[in-house]
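# Architecture and fold: a report
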Amino acid sequence: MDIYDAIVNGFKRNIPSNQEIESFLQSLQNSVKSLRIAYRNNPVYVAYEKTDIQAAYLATYLPHYYQLIYKIFIEEIPNIFKGEKEVHLTFIGGGPGSEAYGALKYILNNGPDAETIHVAILDINASTWGYSHKIVSENLVETVNDGKAQIYWKAIAFDLTSEADIKKVKPIIEKCDLLVIQNCLNEIASINLPSLKSNIKSLFEYLPGNAYLLMSDMTSVARPTMKALEKYLVDT
């Protein structure tokens, strides 16, 4: 099934029975415009708690964002998780689950040994992403999974600039096979860069020796931050 069809099917299950899907999709035009405007700012602020904003994101950005991590696996580490029966995936700033979907789709298509997959979304807006997580897990992931693996999904409120939150998720990171920090650095103000550096280092040290750490971002405003973080990890 095409990813857009899967997303639209998710919308159909979550709109009032008296509303046509065509009118719902048309109603998202202003939300799509507001997202595009917001992503031009630095730092980025978006009212993700609004259902219409989440729906606009799912329809407009998720089909492109999930492909980035999928492409990285294909080109850089095609044998990732081969032979692994249980996999732990953690996504910082995971939002609606774009990167989670990309990773799960790759594993389910290319890692036939995976029987159990644990997905942890660590996000400052974790409590508000329920609408999107329901659509991604039930309509997108299950279309690819089709009973191949047991997938356990949880979302935890998490601030990447908070030392207390870093310590709180230590047990999750210590079991992690893949830690992804993608498309969230553009939402962190430059004033928080010192704490961000320290916290990223702590997360890196919590990871098991055979785990993968992936940092990527599709917005240009995040590139200086990523370079600073990469240099800090290498130098320390």
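Up top you'll find the structure we're talking about.
On a predicted model such as this, the values are computed, not experimentally measured, just so you know. (Residues numbered from 1 in each chain as written. Predicted model: local features only at pLDDT ≥ 70, side-chain atom pairs only at ≥ 80, totals over all residues. Heavy atoms only, no water.)

The next subject is the nonpolar core. Formed by 41 residues in total, the largest nonpolar core has its most connected members in F11, L89, F91, Y101 and I117. The dominant element in this core, judged by the number of residues it contributes, is helix α6 (residues 98-110), at 7 residues. Setting aside chain neighbours within four positions, we find Y101 in contact with I3, L62, Y66, V136, L140, V141 and V144. Core analysis: the next-biggest nonpolar cluster, separate from the first, contains 24 residues, L122, L196, I200 and Y206 among them. (Core = buried A, V, L, I, M, F, W, Y, C linked by side-chain atoms within 4.5 Å. Buried < 20%, exposed > 50% of the residue type's maximum accessible area, 1.4 Å probe, protein only. Helix = DSSP H or I, 4+ residues; strand = E, 2+ residues; numbered from the N terminus. Contact = heavy atoms within 4.5 Å.)

On to the pairing of strand β4 (residues 178-182), then. Of all 5 residues making up β4, 5 are buried, and the element is well covered by its neighbours. With burial as the criterion, each face of β4 is covered, one bearing L178, V180 and Q182 and the other bearing L179 and I181. Examined bridge by bridge, strand β1 (residues 86-92) and β4 share 4 bridges and lie parallel to one another. Each residue of the ladder has a partner; that of T90, found in β4, is L179. One ladder, built from 5 bridges, connects β4 with strand β5 (residues 212-216); its direction is parallel. Considered in β5, the bridge of L178 is made with Y212. (Pairing = 2+ DSSP bridges.)

Attention shifts here to the environment of I135. Structurally, I135 is set in helix α7 (residues 130-145). The exposure class of I135 is buried, given its relative accessible area of 0%. Separated by 128 residues in the primary sequence, I135 and I7 have C-alpha atoms spaced 6.9 Å apart.

Function cannot be inferred from these measures alone, as they are strictly geometric.
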